[in-house]
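Residues per chain, in single letters:
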Amino acid sequence: MENEKLSLPNYNIPEDLENVVAITTLDRLYNWGRRSSVWPLMFGLACCAIEMIAAQTARYDMARFGMEVMRPTPRQADMMLVSGTVTKKMLPAIIRLYNQMPEPKYVVAMGACASSGGPFKEGYNVVAGIDKFLPVDVYIPGCPPTPQALIAGMIKLQEKIDKQSIKKVRWYEKGKVDSNYVPMPILGPDLIDVRRNAEIKQAASQKTTQESV
Amino acid sequence: MAAPASTQTVDLVARFPDSVSADARPGYTGFIVKKENLLEVATSVRDEFGYDLLTAVTGVDYLAENKMEVVYHAYKTTGGMGLTFKVQVDRVDPVEVPSVVGIWAGADFQEREAWDLLGIKFTGHPDLRRILMWEGYEGHPLRKDWQEPFFEEEAKPFKSRWPDGQHTFAENKNPFRDNLKFPEGFDPEAYKPENEDDLYASLERFRSKGENDRLKTDHIVVNMGPHHPSTHGVLRVAVTLDGETITGLKPVMGYLHRNHDKIGERNTYLQIIPYTDRLDYFNSMSNNFGYVTTIEKLMKIPVAERAEYIRVIMAELSRIQNHLIFIGMLMNDLGTMYTPSLYAFEERELVLDIFEAVSGARMMCNYFRFGGVVRDIPDFAMQKIKDLVFDRLPAKTDEMERFLNENEVLVARLKGIHVLNAEDAIKYSVTGPVLRAAGVPYDLRRAEPYSIYDRFDFDVAVRHNADMMDNYLIRFDEIRQSLRILEQAIKQIPEGPINSQKPAYQVRVPAGEAYGRIESPKGELGFYVVSNGKPNPYRYHVRPASFVNLQAVESMCIGAKIADFVALLAMFDIVMGELDR
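Predicted model, so just to flag it, every value in this text is computed and none were measured.

Draft legend 1. View of the interface of chain B and chain A. Listed by partner, the interface residues are 68 residues for chain B and 58 residues for chain A. Summing both partners gives a buried area of about 5800 Å² for chain B against chain A, and 62% of it is carried by carbon and sulfur. Of all residues in chain B, Trp134, His227 and Arg258 of chain B give up the largest surface area on contact with chain A, accounting jointly for 13% of the area buried on that side. Between chain B and chain A we count 9 salt bridges in total. The tally of links between chain B and chain A comes to 27 residue pairs in polar contact (both at pLDDT 80 or more).

Structural data, given as structure tokens:
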């Protein structure tokens, strides 16, 4: 780590100790450690997953940014890369994986589908963007995004991590351990988001005049 | 350079004058069979006429005529033209058609799909459950009177987008403000979700009955997936295990079902091409190839000579990189984490560079057009292709083989583990390398040559042991044959226009039906398109290789060890985009 990034500026260190001692804040040290070892969940949904693999291979080599340790289990992962179309049938599995990830955790929506539904938005089995359920930190455009775009998105995530403060992050706040718990949706006649039960009931009791719109 | 083995068509009407009539609708071919006689005629088609491979089964909803039609495409594994026959039933629920699973086991998944998406009940089907959507889902989406929650208009381009340009978010038009559709008066709190008892009950079917011969043990059910590092995507497999031996297995799919068919029926013919890219996302060029070939069949237009060669070059490059990735991923599944696949991806990147140079995109090329291709190959890309084909790829293939083939662990894992014998493979409609590794030289490039494959000198790769080792080695054989084709194509490619048609946003497709198929790296990729003369297809159906091949996985894995299962599954080289569509 270069001195200027980790050390506090404007703090006078005697010249003979300059290469031995660094004075910094806890936040910077903490974030430096976290940003350089983001472990993504080994989790591919669709086409974007192939570009995610490509970004891991020799030509693009995401390991340069400390993000190469893909973990198949959510218990060991820091970041969920939603790489592809989120379907209604798959959504409960994704939510379960997310809930199983320990804090700190981040969500990156890779590609048009994960961000908004993309070209498949009109499909009856497609969730129009994972952000309807999970809090997304970074959106990466593209269909699929090139490995370069993916890496750019990952760097954006690192910048976001850099800005967090140990005093304010949600996973150290008392009584807020499960603040990011997302209730499991249910697969019924269509996808039931249990947070919106009342709204759904109310809309369904009225006559659904879709054609008149 | 063999000509197609047989070009004569069978006269079913002469054989069954009472129950079969020729399909006389303009643009249609084949025969219409009476529902009551379907099984009798189908048995005769298989046994008397020798159509042993039932490739595609699908339904069409003719709303205006108040009919539901089931279309069967049968072929001979010795090659030649196919036989199409149809059953028509009244469109009154329950729509019932006898199941042909007893005759061709390969109809299994496709009949389930027709039940799921079109609501055609196949009587006598042993396990008729929904396949792509979940149990409890409301409606059969591919019916013409069923509208998706974000429905806007019957066909694109939507008036709100063009020429008006007054687009609002689809969410604002839906009463639930999302991609949702609930029956009237639905109460989510009172709803009890369907459980998966049917799935687990179907696992019991194959449980071994020989209780006397060994110690009785409890069987356990293990669910692999949909999130599992080695199911090649979001496939889920429910297995029952007796110790380490698999006693029952059912694949559960639909986790990537993104409604390709329904969206395709709203799209114009040209708009479908980029969607086909996203079917088998390793081989967008092959998918384009299959689709445009089908539509060209319907439109009866020629393809520009130079474009034919470009198409073959792209399709074969695609096959090579697909097989390299297959080998890399198989090694991953066997436990050689990452190193071989890194080698494979290195070559893949070079092929993708070429795709990017000709089409502008690495993966989703959207490169083929009706009558040709969209751009010519630039000179520097042609030079790259030559370097790859004549120098680098042959050497790298040899290198891969040298590194891997003799490896003791690899040989121990692969040799002698049975995959599928020829008889079963044909029974389950398996095509592609798995069928050829079982000793059946069935390759559509030879069996029913499309495009210009009849001009090239190449051998159909075939191996005979039907074990995992042969399934693995045959990919190398196919890479070598593809390189042979490429060498000839590069030498013969003529100068000239790259499209026989003028570029157009809308194409005129005469009414009728067509089933086009190509040899994709995974097997037979088929497209069944029904046109009614409008700018959008009336029925658009994809017959993916992965989906149909996967039918055999159940019988193939029963009795195998769970540790081999992952590798056995890898043999089919499934891609979920294509499998679930």
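Moving on from the coordinates now.
Draft legend 2. Representation of the environment of Leu191 of chain A in the model. By the element assignment, Leu191 of chain A lies in strand β5 (residues 191-192). Residue Leu191 of chain A is classed as buried on the basis of its relative accessible area of 5%. Filtering out sequence-adjacent residues up to four positions away, Leu191 of chain A remains in contact with Lys88, Leu91, Val127, Phe133, Pro185 and Ile186 of chain A together with Trp134, Leu180 and Phe182 of chain B.

Draft legend 3. Representation of helix α7 (residues 284-299) of chain B. The end-to-end C-alpha distance of α7 of chain B is 22 Å, a good match for the 22 Å that 16 residues give at a rise of 1.5 Å each. Looking at the residues trailing α7 of chain B, positive phi occurs at Lys300 of chain B, about 55 degrees.

Draft legend 4. Just the packing of helix α8 (residues 305-334) of chain B against helix α18 (residues 562-571) of chain B, in detail. Residues and elements named next belong to chain B. In contact at an axis separation of 9 Å, α8 and α18 are set at 170 degrees when each is read in the N-to-C sense. The pairing of α8 with α18 is recorded here as roughly antiparallel in orientation. Residues Phe326, Leu330, Asp333 and Leu334 of α8 pack against Val566, Ala567, Ala570 and Met571 of α18. Residues of the contact of α8 with α18, tallied by class, amount to 7 nonpolar, no polar and 1 charged.

Draft legend 5. Summary view of the pattern of salt bridges. Residues and elements named next belong to chain B. Throughout the structure, instances matching the rule amount to 63 salt bridges over all chains. Measuring nitrogen to oxygen at the nearest pair gives 2.7 Å for the salt bridge that ties Glu69 to Arg25. Taken together, the residues Glu69 in strand β4 (residues 67-75) and Arg25 in the loop between β1 (20-22) and β2 (31-33) connect sequence positions 44 residues apart. The class of Arg25 is partly exposed, set by a relative accessible area of 23%. Here Lys250 and Glu554 are joined by a salt bridge, their closest N and O atoms 3.2 Å apart. Residue Lys250 is located in strand β10 (residues 245-252), and its partner Glu554 is located in helix α17 (residues 553-557); the two are separated by 304 residues in the primary sequence. Residue classification places Glu554 among the buried residues on the basis of a relative accessible area of 8%.

Rules behind the numbers
- Residues numbered from 1 in each chain as written.
- Chains lettered and ligands numbered in written order.
- Predicted model: local features only at pLDDT ≥ 70, side-chain atom pairs only at ≥ 80, totals over all residues.
- Heavy atoms only, no water.
- Contact = heavy atoms within 4.5 Å.
- Buried area = accessible area lost by both parts, 1.4 Å probe.
- Salt bridge = Lys/Arg side-chain N within 4 Å of Asp/Glu carboxyl O.
- Polar contact = N/O pair within 3.5 Å; in protein donor to acceptor, adjacent residues only side chain to side chain.
- Helix = DSSP H or I, 4+ residues; strand = E, 2+ residues; numbered from the N terminus.
- Buried < 20%, exposed > 50% of the residue type's maximum accessible area, 1.4 Å probe, protein only.
- Expected span 1.5 Å × (residues − 1).
- Axes fitted to C-alpha atoms, helices over the stretch in contact; angles between N-to-C directions.
- Parallel < 35°, antiparallel > 145°, perpendicular 65-115°, else oblique.
- Nonpolar A, V, L, I, M, F, W, Y, C, P; charged D, E, K, R; others polar.

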